[in-house]
Protein chains: 2
Amino acid sequence: MGKYIRIRRPDDFHIHFRRGNLLKMVVPHTARYFGRALVMPNTKPKHIGTGEQALEYRKEIFSALNGFDFIPLMTIQVTHEMTPEMVRIASQCGVVAGKIYPMGVTTNSENGVTDFNALYPVYREMEKIGMVLSLHGESPSCNVEGLRKEQNFLPILQIIAHDFPKLRIVLEHITTEEAVSVVASLDQNVSATVTVHHLFLELDDVIGYSRRTKGYMQPHHFCKPIAKHRRDRQALIDAVTSGNPKFFYGGDSAPHTESYKEAKDVCAGIFNAPVALPLLAQLFEEQECLEKLDPFVSRFGADFYQIPYNREHIKLVEKEWEVPPIYGEVVPFMAGEKLRWKVV
Amino acid sequence: MGKYIRIRRPDDFHIHFRRGNLLKMVVPHTARYFGRALVMPNTKPKHIGTGEQALEYRKEIFSALNGFDFIPLMTIQVTHEMTPEMVRIASQCGVVAGKIYPMGVTTNSENGVTDFNALYPVYREMEKIGMVLSLHGESPSCNVEGLRKEQNFLPILQIIAHDFPKLRIVLEHITTEEAVSVVASLDQNVSATVTVHHLFLELDDVIGYSRRTKGYMQPHHFCKPIAKHRRDRQALIDAVTSGNPKFFYGGDSAPHTESYKEAKDVCAGIFNAPVALPLLAQLFEEQECLEKLDPFVSRFGADFYQIPYNREHIKLVEKEWEVPPIYGEVVPFMAGEKLRWKVV
């Protein structure tokens, strides 16, 4: 019998469920493995901007659960229209986090934030009532090149964290050495999520310069923030295997149908929900710290969000399987690849 | 009446014509505007490796000219199989350049070179008989990240240039500030070609971080070497508008059918032949040096290759037109965009 590991049922603190048919298809892929997931609000045609909309969206997610025991943790998108009053009501509706997208940095962020100072009354209310501030950390400035956008955002994070010492802030899907180091240096009110694909991909795996790409650009490896350099990926691996509770799992699983990925205009996003846990097990095993998988995916996030751990457990075994080329109309991360670990 | 400029009929010192149906479609797009083009040898299913194959390929190109007055300048691909004897025979067949692809760096380079020292007898013969050495300047080492591959190749160029001071060498489709500076610093036996797309694109225009991309990755902006940073593009613009004869036009027009660009594995290459001259005119006008367009596209290359200037002239006028979304099955550079200049 091969190796296996038993962990608490994990949580995914960053997920895109979309709406409609796509939602119906993808929700069970998360609900099967994860106890809870923090559901991003940048939906189309309209973002989730109020507690009421979050409740309605939550209902849609529940209707797609297929019997799985799963709790969606709801968010609202913080735009320049947000007021402290709206934050308060959203919190009463069970919304646990407000998410900020800087304008124009990713999928459905046209209504994003340009002036972070203008939102101080909103941060103050969030701090007061204990709502988490969730940040897509890329500079909205046109003068900052893509590869520098995360680094360039860090001073914004530092200022907000300094001015609101009790506001819990998550820098989402970090991709750079600099982000790791700044988050590590800040107080316990600041954490970061790390996706599974940023632990496996580098820029060269997107732009066709790594051996695995055979020279081809890979639209299915394209996401925002884009994967960075080798040293950055190493810094992320070091962070998640360090046992530092500031770094926990948020997969940013972000499905687009095949026709939006293999296209003239390639949408940003990687659908990783079906492969996340097997890949994480592989990574932690390779790093010889399988025992740190459980805290990373099942405890540190819950601690930060101040919610209890999931009570059930899941088991991962070392057993080869091949990732399907497509689920419905969505090509998953690692499509067609053989993975070494499997959730049973 | 709008502005216009009359220039000598230009040459394109770097082009991919492919073979078969694709060749038939693309050759007239070059032959219409350019007097000559240096035809790259990395064809499929087999590269052009001998003088005889070059002659046969030349015949195929001639059969696609559609009556245009055009001369293809033939090349052979220098692999580890190449011998001085083969170089001599190729030269007798009219081949003007030997092209080296480092292994694995671009489309159809699986048979590329890994050991540049092993080819010294070949360089010696090329130097002796006056055949140009044409280099795809990217490091074949897996340990060098994509964005650094050109810089990392420069020492190889410097050593060959030093050891063969009479060998004429062209560093093709340069993309970095460092390449500009090294080529400028070397003796007159070393030149570089610059494409039109590298004068217009930056990495962010490929990976979906510039305003023009609206956040989407752009497979039709994907080529090798990939477009680099803003400062690199500026260095290229400065080089081609400087009047330094070391920098001349080689478009690297590299067609792939739409289904190979909007795909899981996106092929590297931009089909720019139909838009190259209008875009160059626009750029030189914006840089307020339209008078330097003629030497860049019509004289410096011919000087370096030691061939006479074309005798005819062409006229470009300031007249808006819209680039078709597709030619045959090939999406051109700037598809659907309005251009300000037009060849008449």
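Along each chain, residue indices are assigned from 1 in the same order as the chain's sequence is written. Here every chain gets a letter starting at A, and every ligand a number starting at 1, in the order they are written. Local features in this predicted model are restricted to residues of pLDDT 70 or higher, and side-chain atom pairs are both shown and tallied only at a pLDDT of 80 or more, whereas totals for entire chains, interfaces and linings draw on every residue. In computing side-chain properties, one takes all heavy atoms of the structure into account and sets aside hydrogens as well as water.

A look at the nonpolar core
Filter applied, for reference: Residues grouped as a nonpolar core are buried Ala, Val, Leu, Ile, Met, Phe, Trp, Tyr and Cys residues, joined through side-chain atoms within 4.5 Å. Buried residues are those whose accessible area, probed at 1.4 Å on protein chains only, stays under 20% of the maximum for their type, while exposed residues exceed 50% and partly exposed ones sit between those limits. The contact criterion used throughout is that any non-hydrogen atoms of two residues lie within 4.5 Å.
Grouped together as the largest cluster of nonpolar side chains are 213 residues, with contacts concentrated most on L157 of chain A together with L157 of chain B. Contacts of L157 of chain B, omitting those with residues within four sequence positions, involve L135, I169, L171, V182, V183, L186 and V190 of chain B.

A few points about the relation of the copies chain A and chain B
As a reminder, the rule being used: To superpose the copies, least squares is applied to the C-alpha atoms of every residue with a pLDDT of at least 70 in both.
When chain A is fitted to chain B, the residual RMSD is 0.0 Å, and the transformation amounts to a turn of 180 degrees plus an axial shift of 0.0 Å. On this basis, the relationship between the two copies can be described by a two-fold rotation axis. Scanning chain A for the C-alpha nearest the rotation axis identifies E262 of chain A, at a separation of 2.4 Å. A shared binding surface is used by both copies, with 100% of the interface residues of chain A retained as interface residues in chain B.

Quick word on the layout of surface pockets
Using the following cut-off: The definitions used throughout rest on a 1 Å grid laid over the protein atoms alone, on which a cavity is an enclosed set of points accommodating a 1.4 Å probe that cannot get out and a pocket is an open set flanked by protein within 12 Å on both sides along at least five of seven lines; lining residues are those having an atom within 4 Å of a point. Grid points are joined across faces, edges and corners, and a volume is the space filled by probe spheres set on the points. A run of H or I in DSSP becomes a helix once it reaches four residues, and a run of E becomes a strand once it reaches two; helices and strands are each numbered from the N terminus. When residues are sorted by character, Ala, Val, Leu, Ile, Met, Phe, Trp, Tyr, Cys and Pro go into the nonpolar class, Asp, Glu, Lys and Arg into the charged class, and all the rest, Gly among them, into the polar class.
Roughly 1200 Å³ of volume is contained in the largest pocket. Forming the walls of the largest pocket are 47 residues, and the residues nearest its centre are K214, G215 and Y216 of chain A together with T106 and E110 of chain B. No other element matches the three residues that helix 1 (residues 20-31) of chain B contributes to the lining of the largest pocket. Across the lining of the largest pocket, the residue classes tally to 15 nonpolar, 18 polar and 14 charged. In terms of lining, the second largest pocket is formed by 41 residues, of which the most central are G104 and T106 of chain A together with K214, G215 and Y216 of chain B. Elements with a contribution of two residues or more to the lining of the second largest pocket: helix 8 (203-206) and helix 9 (230-240) of chain B. Looking at side-chain class alone, the lining of the second largest pocket contains 13 nonpolar, 14 polar and 14 charged residues.

A closer look at the sheet that holds strand 3 (residues 36-39) of chain A
All names here are of chain A. Under the convention used in this document: The criterion for strand pairing is that DSSP finds at least two bridges linking the strands in question. Throughout, an axis means a line fitted to C-alpha atoms (over the contacting stretch in the case of helices), and angles, computed between N-to-C directions, take values from 0 to 180 degrees.
With parallel pairing, eight strands are arranged side by side in an open sheet as 2-3-4-5-6-7-8-9. The sheet is open, and its two borders are formed by strand 2 (11-15) and strand 9 (247-249), each paired with just one other strand. Neighbour to neighbour, the strand axes of the sheet diverge by 30 degrees on average, direction disregarded. Of the pairings in the sheet, the one linking strand 3 to strand 4 (residues 71-77) comprises four bridges and is parallel in character. Opposite A37, over in strand 4, you have P72 as the bridge partner. Relative to strand 4, helix 2 (residues 51-62) is tilted by about 145 degrees, and along the sheet it contacts strand 3 and strand 4. The sheet strands contacting helix 5 (residues 149-163) are strand 6 (132-135), strand 7 (169-171) and strand 8 (190-194), and the helix crosses strand 7 at an angle near 170 degrees.

Digging into the sheet that holds strand 3 (residues 36-39) of chain B
Residues and elements named next belong to chain B. Taken in spatial order, the eight strands line up as 2-3-4-5-6-7-8-9 in an open sheet, and their pairing is parallel. Two strands close off the open sheet at either side, each with one partner strand: strand 2 (11-15) and strand 9 (247-249). On average, each strand axis in the sheet is tilted by 30 degrees relative to the strand beside it, whichever way the strands run.

Quick look at the packing of aromatic side chains
By convention here, two paired aromatic rings are described through the distance between centres and the angle between planes. The condition is simple: Within 6.5 Å between ring centres, the rings of Phe, Tyr and Trp (the latter by its six-membered ring) count as paired, and their orientation is classed by plane angle as stacked under 30 degrees, edge-to-face over 60, tilted in between. Note on criteria: charge over ring means Lys NZ or Arg CZ within 6 Å of the ring centre, with the direction from the centre no more than 35 degrees off the ring normal.
What the rule picks out here adds up to 28 aromatic pairs over all chains. Measuring from ring centre to ring centre gives 6.3 Å for F248 of chain B and Y305 of chain B, while their planes differ by 80 degrees; the resulting arrangement is edge-to-face. Pair noted here: F248 of chain B is in strand 9 and Y305 of chain B is in helix 12 (residues 293-305), with a separation of 57 residues, a long-range link. The ring of Y209 of chain B has K224 of chain A sitting right over it, with the charged end atom 4.4 Å from the ring centre. Here K315 of chain A stacks its cationic end above the ring of Y4 of chain A, 4.5 Å away from the centre of that ring.

Quick notes on the pattern of salt bridges
The condition that has to hold: We define a salt bridge as a contact between a side-chain nitrogen of Lys or Arg and a carboxyl oxygen of Asp or Glu at a distance within 4 Å.
Summed over all chains, the structure comprises 34 salt bridges over all chains. Because the salt bridges share partners, they merge into one network encompassing K3, E285, E286, E318 and R340 of chain A.

Details of the side chain of D252 of chain A
Residue and element names in this part refer to chain A. The cut-off we apply is this: Neither His nor the chain ends contribute to the count of charged residues, in which Lys and Arg are positive and Asp and Glu negative. Throughout this description, a polar contact denotes any pair of N or O atoms lying within 3.5 Å of each other; where both atoms belong to protein, one of them has to be capable of donating a hydrogen while the other can accept it, and for residues adjacent in sequence the pair is counted only when both atoms sit in side chains.
Relative to the helices and strands, D252 resides in the loop between strand 9 and helix 10 (258-261). One buried charged residue, D252, forms no salt bridge at all, with the nearest opposite charge on K99 at 6.4 Å. Engagement of the side chain of D252 in a polar contact is seen with the side chain of H16, the distance being 2.9 Å. Apart from residues no more than four positions distant in its own chain, D252 is found in contact with D12, H14, H16, H173, T195, H197, K224, I270 and N272.

Observations concerning the interface of chain A and chain B
Operational definition: Defined here as a combined quantity, buried area equals the accessible surface (1.4 Å probe) lost by two parts on assembly, summed across both.
At the interface, 36 residues of chain A touch 36 residues of chain B. Summed over both partners, the interface of chain A with chain B buries about 3200 Å², with 55% contributed by carbon and sulfur atoms. Of all residues in chain A, Y209, M217 and K264 of chain A give up the largest surface area on contact with chain B, accounting jointly for 25% of the area buried on that side. Seen at the junction of chain A and chain B, the total is four salt bridges. Of the charged contacts, one joins K264 of chain B and E258 of chain A as a salt bridge, the two residues approaching to 3.5 Å between their closest N and O atoms. Summed over the shared surface of chain A and chain B, the number is 21 residue pairs in polar contact (both at pLDDT 80 or more). For the side of chain A that touches chain B, the leading source of residues is helix 8 (residues 203-206) of chain A, giving three residues.

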